[in-house]
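For reference, the chains in residue letters:
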Amino acid sequence: NAGVTQTPKFRILKIGQSMTLQCTQDMNHNYMYWYRQDPGMGLKLIYYSVGAGITDKGEVPNGYNVSRSTTEDFPLRLELAAPSQTSVYFCASSYGGNTEAFFGQGTRLTVV
Amino acid sequence: QQQVKQSPQSLIVQKGGIPIINCAYENTAFDYFPWYQQFPGKGPALLIAIRPDVSEKKEGRFTISFNKSAKQFSLHIMDSQPGDSATYFCAASTGLSGNTPLVFGKGTRLSVIA
């Protein structure tokens, strides 16, 4: 089982560039999440989705956009990359809001 | 504001010791309290979880203690081993109406020294 797959694993962006972080899950989970992890700051929720066609903002949504056109995919879009977006990004999925969440391996993004 | 407060930030114990990590929350609608373990370069993975209808849950060497009235829960690791060295995160969420998604504490970096 693949679980939650994130691509790419590493990326360096220049300020002002845009990119999409891909996330796909094969567990038929309803819920999907995007978190960013900064040293000593834990995991902060960027956006989440409770099902296809439904997305909602988390704690730190500014500078990001998401879409959820299918159950499996939940891409995260950065439109104008800024150094403050340098972080490790994790995608996760769960069947329900209060069930085990499975995480991908992360994408390490550096904006220079 | 931070919905789940975790302490300590870091912890060093001798092999065989019992590290304890504490978390506190404010939202009484939370009904799911998991602990995640993360090794360097990896994504977090569920270690153990508890729901508010019980005060304690054990899985192997890992125990969650839950105090609903104090809005606190903690992780105890019995007979800790060097392989337990990792970062531990507490979290909380609710699957009820309102659907508060999974929110995390800031993490505790545990080092178990032989």
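Just so we're clear, the structure is a prediction, and the values are computed from it rather than from any experiment. (Residues numbered from 1 in each chain as written. Chains lettered and ligands numbered in written order. Predicted model: local features only at pLDDT ≥ 70, side-chain atom pairs only at ≥ 80, totals over all residues. Heavy atoms only, no water.)

Moving on to the sheet that holds strand S6 (residues 56-59) of chain B. Backbone-to-backbone hydrogen bonds join strands into a sheet, with any given pair of strands oriented parallel or antiparallel. Residue and element names in this part refer to chain B. Here five strands make up an open sheet; going across it, the order is S1-S3-S8-S7-S6 and the pairing antiparallel. Each end of this open sheet is capped by a strand with a single partner; those strands are strand S1 (4-7) and S6. Strand-to-strand, the axes of this sheet are offset by a mean angle of 15 degrees, without reference to chain direction. Of the strand pairs in this sheet, strand S7 (residues 62-67) and strand S8 (residues 72-77) are connected by six bridges, and their pairing is antiparallel. What sits directly across from Asn 67, in S8, is Gln 72. (Pairing = 2+ DSSP bridges. Helix = DSSP H or I, 4+ residues; strand = E, 2+ residues; numbered from the N terminus. Axes fitted to C-alpha atoms, helices over the stretch in contact; angles between N-to-C directions.)

All names here are of chain B. The tally for this structure, following the rule as stated, stands at five salt bridges over all chains. Note that Lys 57 and Glu 59 form a salt bridge whose closest N and O atoms lie 3.6 Å from each other. Residue classification places Glu 59 among the partly exposed positions, given a relative accessible area of 38%. In this structure, the salt-bridge partner of Arg 61 is Asp 84, at a minimum N-O distance of 2.8 Å. Pair noted here: Arg 61 is in the loop between S6 and S7 and Asp 84 is in the loop between S8 and strand S9 (86-92), with a separation of 23 residues, a long-range link. Judged by relative accessible area, which is 26%, Arg 61 ranks as partly exposed. The class for Asp 84 is buried, based on a relative accessible area of 5%. (Salt bridge = Lys/Arg side-chain N within 4 Å of Asp/Glu carboxyl O. Buried < 20%, exposed > 50% of the residue type's maximum accessible area, 1.4 Å probe, protein only.)

Attention shifts here to the layout of surface pockets. Put simply, the largest pocket is a space of about 720 Å³. Taken together, 32 residues form the lining of the largest pocket, with Gln 37 and Arg 108 of chain A together with Gln 38, Gly 41 and Arg 109 of chain B sitting closest to its centre. Only strand S9 (87-94) and strand S11 (107-111) of chain A together with S9 and strand S11 (108-113) of chain B provide two or more residues apiece to the lining of the largest pocket. Element by element, the count of residues in the lining of the largest pocket is highest for S11 of chain A, at four residues. For the lining of the largest pocket, the residue count by class is 10 nonpolar, 16 polar and six charged. (1 Å grid on protein atoms, 1.4 Å probe; cavity = no way out; pocket = protein on both sides within 12 Å on 5 of 7 lines; lining within 4 Å. Points joined across faces, edges and corners; volume = space filled by probe spheres on them. Nonpolar A, V, L, I, M, F, W, Y, C, P; charged D, E, K, R; others polar.)

With that settled, the discussion passes to the interface of chain B and chain A. Every contact between the two is made by 21 residues of chain B and, on the other side, 19 residues of chain A. Seen at the junction of chain B and chain A, the total is zero salt bridges. For the interface between chain B and chain A, the tally reads eight residue pairs in polar contact (both at pLDDT 80 or more). Of the residues contributing to the side of chain B that touches chain A, the split by class is eight nonpolar, nine polar and four charged. (Contact = heavy atoms within 4.5 Å. Polar contact = N/O pair within 3.5 Å; in protein donor to acceptor, adjacent residues only side chain to side chain.)

It is worth spelling out the pairing of strand S3 (residues 19-25) of chain A at this point. On any regular strand, side chains alternate: one points to one face of the sheet, the next to the other face. Residue and element names in this part refer to chain A. Alternating positions in S3 separate cleanly, Met 19, Leu 21, Cys 23 and Gln 25 being buried on one face and Thr 20, Gln 22 and Thr 24 remaining unburied on the opposite face. Looking at chain direction, strand S1 (residues 4-7) and S3 are connected through four bridges and run antiparallel. Its bridge partner lying in S3, Gln 6 is registered against Cys 23. Alignment of S3 against strand S8 (residues 76-78), held across three bridges, turns out to be antiparallel.

Turning to the state of the cysteines, a few remarks are in order. Enumeration according to the criterion identifies two disulfides over all chains in this entry. Covalent S-S linkage joins Cys 23 of chain A and Cys 91 of chain A, the inter-sulfur distance amounting to 1.8 Å. Because the sign of the S-S torsion sets the handedness, a value of about -70 degrees for the bond joining Cys 23 of chain A and Cys 91 of chain A places this disulfide among the left-handed ones. In this pair, Cys 23 of chain A sits in strand S3 while Cys 91 of chain A sits in strand S9, placing the two residues 68 residues apart along the sequence. Taking relative accessible area as the criterion, Cys 23 of chain A reaches 3% and is therefore assigned buried. Given a relative accessible area of 0%, Cys 91 of chain A falls into the buried group. Across the disulfide from Cys 23 of chain B sits Cys 90 of chain B; the S-S distance is 1.8 Å. Where Cys 23 of chain B bonds to Cys 90 of chain B through sulfur, the torsion about that S-S bond is close to -90 degrees, and the disulfide is left-handed. You can see Cys 23 of chain B sitting in strand S3 (residues 20-25) and its partner Cys 90 of chain B sitting in strand S9, a full 67 residues away along the chain. Of the two residues, Cys 23 of chain B and Cys 90 of chain B, neither departs from the other in class, the shared state being buried. (Disulfide = S-S within 2.5 Å.)

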